[in-house]
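Summary of the model geometry
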Amino acid sequence: MSWTLAITNQKGGVGKTTTAVNLAAALQSMGQRVLLIDLDPQGNATVSVGQDKSALARTMTDVLLDEASIGDVIIRSEPAGFDLLPANIELAGAEFQLVSRIGREMKLRRALAPLLTNYDFVLIDCPPALNTLTINALVASDDVLIPVQCEYFALEGLSSLLETIEQVRVALQPALGIAGVLRTLYDARNLLAQQVSEQLQTHFGDQLFRTLIPRNVRLAEAPSHGLPALYYDRGSAGAQAYTDLAHELAERAEQRAGH
């Protein structure tokens, strides 16, 4: 059974794209069938897997504006092997055009529906804003994965995200839930990071992933080489953390399928 996850937090710099790309690579390496959707006009997920975002013939923009079928836009990410729906700055214009369209919140959900049986996991890298694109991601998803940076102000903004999730649940996608909260950019030597981690544990309990994503130079370097960390430096602490997260997520997927 396919599991679609929106990876979102309207706060920038919390590791959304890093999580989307590296989790996709780690899941694929475990034999899962993965589709990564870049829904951010910055196109960072697209660049992070070695694609030239300015040279793309078709992107998510074409899908959302009904100018191409989703199957015609998917490209294979090598060497990781997962499928990618790429994006570039044109997506910002698409969002502007969507505002006046009826059923705009359902565009991605409807486009994805015929393809879901092809994948075990569909991961959506959302923009750092609660806009039409993010709402499309939430409506198209089964659950939300929330990366949270273990630093000051980490919890700020989380309440508005949770409110948005609740609003989407009430109005558009009643089954939308939280897959988990992920602690990112974690530095165990930092007392504040430890305190924020404890706060998240208190607040989210079992919804908090056991895996901690460390602050890691290899994770920061990998995108400039167009590779997920797993293929840039398999032995790095960052690559290992996302491998652990992939196993933890696969466990949750099994529990979900069993319910």
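Preceding this section is the structure that the text describes.
Residues numbered from 1 in each chain as written. Predicted model: local features only at pLDDT ≥ 70, side-chain atom pairs only at ≥ 80, totals over all residues. Heavy atoms only, no water.

Focus on the sheet that holds strand β5 (residues 121-125)
Strands sit in the order β3-β4-β2-β5-β1-β6-β7-β8 across an open sheet of eight strands; the sheet is mixed. The two strands at the open ends of the sheet, each matched to only one other strand, are β3 (75-76) and β8 (208-214). Inspection of the sheet shows strand β1 (residues 3-7) paired to strand β6 (residues 143-149) by three bridges, in the parallel sense. Bridge pairing in β6 places A6 opposite V144. Here helix α1 (residues 16-29) sits on the sheet in contact with β1, β2 (34-38), β5, β6 and β7 (177-186), set at roughly 165° to β5. Contacting β1, β5, β6, β7 and β8, helix α12 (residues 237-258) runs over the sheet at an angle of about 165° to β8. (Pairing = 2+ DSSP bridges. Helix = DSSP H or I, 4+ residues; strand = E, 2+ residues; numbered from the N terminus. Contact = heavy atoms within 4.5 Å. Axes fitted to C-alpha atoms, helices over the stretch in contact; angles between N-to-C directions.)

Describing the pattern of salt bridges
With the rule as written, the count across this model stands at 13 salt bridges. Across the pair D66 and K107 runs a salt bridge whose closest N-O atoms are separated by 2.6 Å. On the criterion of sequence distance, the pair formed by D66 in the loop between α3 (60-64) and α4 (70-73) and K107 in helix α6 (residues 107-112) is long-range, its members being 41 residues apart. (Salt bridge = Lys/Arg side-chain N within 4 Å of Asp/Glu carboxyl O.)

Comments concerning the layout of surface pockets
In this structure, the largest pocket occupies an estimated 420 Å³ of space. For the largest pocket, the lining is made up of 31 residues, of which V14, G15, K16, T17 and T18 are closest to its centre. For the lining of the largest pocket, the secondary-structure elements that each account for two or more residues are α1, α2 (44-48), β7, β8 and α10 (217-221). Ranked by the residues each element gives to the lining of the largest pocket, the list is headed by α1, at six residues. Grouping the amino acids of the lining of the largest pocket by side-chain chemistry returns 15 nonpolar, 12 polar and four charged. (1 Å grid on protein atoms, 1.4 Å probe; cavity = no way out; pocket = protein on both sides within 12 Å on 5 of 7 lines; lining within 4 Å. Points joined across faces, edges and corners; volume = space filled by probe spheres on them. Nonpolar A, V, L, I, M, F, W, Y, C, P; charged D, E, K, R; others polar.)

Notes on the packing of α1 against α12
The interhelical angle for the contact between α1 and α12, taken along N-to-C directions, is 70°, at an axis separation of 8 Å. Viewed along their axes, α1 and α12 adopt a mutual orientation that is roughly perpendicular. Of α12, the residues touching α1 (which contributes T18, T19, N22, L23, A26 and L27) are Y242, T243, L245, A246 and L249. (Parallel < 35°, antiparallel > 145°, perpendicular 65-115°, else oblique.)

Examining a nonpolar patch on the surface
Taken together, the side chains of Y152, F153 and L192 make up a nonpolar region of the molecular surface, amounting to roughly 330 Å² of accessible area. Looking at the secondary structure, you find F153 in the loop between β6 and α8 (158-171). By relative accessible area, which is 46% here, F153 ends up partly exposed. (Patch = residues over 30% accessible without salt bridge, like charges linked within 9 Å, V, L, I, M, F, W, Y side chains within 5 Å. Areas by Shrake-Rupley, 256 points an atom, 1.4 Å probe, with all protein chains shown as cover. Buried < 20%, exposed > 50% of the residue type's maximum accessible area, 1.4 Å probe, protein only.)

Considering helix α7 (residues 132-140)
Burial analysis of α7 places nine of its nine residues in the buried class, the great majority of the element. Taken residue by residue, α7 has T132, L133, T134, I135, N136, A137, L138, V139 and A140 as its buried positions. A distance of 3.1 Å separates the backbone nitrogen of L133 from a side-chain oxygen at the start of α7, and that oxygen is part of N131. (Polar contact = N/O pair within 3.5 Å; in protein donor to acceptor, adjacent residues only side chain to side chain.)

From the geometry alone we can't say anything about function, so treat these as descriptive.
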